Amino acid sequence: MDHIPQHLAIIMDGNGRWAQKRHLPRIVGHQKGVETVRRVVEECCSLGIKHLTLYAFSSENWGRPADEVAALMGLLAKYLTSELKMLLSNRVRLNVIGETAKLPDNIRQTLEGAVERTRDNDSMTLTLALSYGARDEILRTCQQLAGRVAAGEIAPSDIDEELFSDALDTAGIPDPDLLVRTSGEMRISNFLLWQLAYTELYFSNKFWPDFDRDELHEAIREFGRRQRRFGLTSEQVPDKAEQGGHH
Ligand code: FPP
């Protein structure tokens with residue numbers, strides 16, 4: 001692993017199937033999934049990854065059975081409380097993207113507290129996508145920019161990639177270098193549609209509860225073997241050694 005992505009994004013998939021395979025309730029899969037979150041966050045810190053973004057709850061996930069939604073919210077609240085110390089000791093800054101207004105009040109307050117307590121941390125930014133959908137994010141951004149045009153603050157022609165990026169939920173966070181999705185599904189599922197334009201994709205066959213250090217390292221090694229051309233020819237792009245990223 002000689003090339004570590006600066007920003008790793010993960011679609012954590014397969015908790016339900018992990019449980020069903022064992023004739024256990026789906027929620028047990030989510031509980032196991034939280035343990036994977038814990039391991040992956042710590043491992044990413046020690047690898048020197050600067051941004052880790054986890055798709056924890058999609059805007060579509062609200063449509064799941066009420067008991068599963070409630071259980072996921074409960075796990076999230078528990079995680080935020082039990083892991084705060086770890087986030088602080090690893091100097092991790094917590095960040096949230098998505099339509100957080102839809103979250104239950106107690107979760108929103110716990111989140112806001114954790115974001116506030118970790119705001120000055122500078123080793124890694126852990127972004128949780130909660131009640132997140134990329135089309136929703138893009139539409140909210142359009143509405144916000146249209147409002148600024150209507151108010152006369154900006155002209156339509158001022159809206160370029162930079163201004164648009166800065167108005168998204170992910171403002172200030174570089175685009176992901178590597179996206180990992182677990183459980184063998186090969187879809188983006190409405191995650192970071194704008195931000196993933198040039199991201200390398202890696203699909204792991206492991207269910208999220210089984211996603212371990214070796215599998216994470218394999219994804220990063222594979223990332224290191226790819227040449228990112230950003231639409232140019234291979235002669236035009238500098239050697240990997242000279243490309244962005246960190247060692
Ligand atoms: C996908 O598995 C996973 C989710 C919808 C939720 C991910 C949430 C966690 C790992 C726990 C809470 C998060 C944090 C950050 C503490 P699935 O249920 O879609 O699995 P399936 O496709 O096999 O049914």
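These notes cover the structure that comes with them. (Residues numbered from 1 in each chain as written. Predicted model: local features only at pLDDT ≥ 70, side-chain atom pairs only at ≥ 80, totals over all residues. Heavy atoms only, no water.)

Things to note about helix α2 (residues 26-47)
Between its terminal C-alpha atoms α2 stretches 31 Å, which fits the 32 Å expected from 22 residues at 1.5 Å a residue. Among all positions in α2, only G29, H30, G33, V34, T36, V37, V40, V41, E43, C44, C45 and L47 are buried. Note on α2: the residue one or two positions beyond its end, G48, has a positive phi of about 85°. (Helix = DSSP H or I, 4+ residues; strand = E, 2+ residues; numbered from the N terminus. Expected span 1.5 Å × (residues − 1). Buried < 20%, exposed > 50% of the residue type's maximum accessible area, 1.4 Å probe, protein only.)

Details of the sheet that holds strand β4 (residues 124-132)
Pairing is parallel in the open sheet, where six strands are placed in the order β3-β4-β2-β1-β5-β6. The two strands at the open ends of the sheet, each matched to only one other strand, are β3 (92-97) and β6 (200-203). Mean inter-strand twist for the sheet, computed between neighbouring axes without regard to direction, equals 20°. In the sheet, strand β1 (residues 7-11) pairs with strand β2 (residues 51-58) via five bridges, with the strands oriented parallel. What sits directly across from A9, in β2, is T53. Helix α4 (residues 105-117) contacts β3 and β4 of the sheet and is inclined by roughly 140° relative to β3. (Pairing = 2+ DSSP bridges. Axes fitted to C-alpha atoms, helices over the stretch in contact; angles between N-to-C directions. Contact = heavy atoms within 4.5 Å.)

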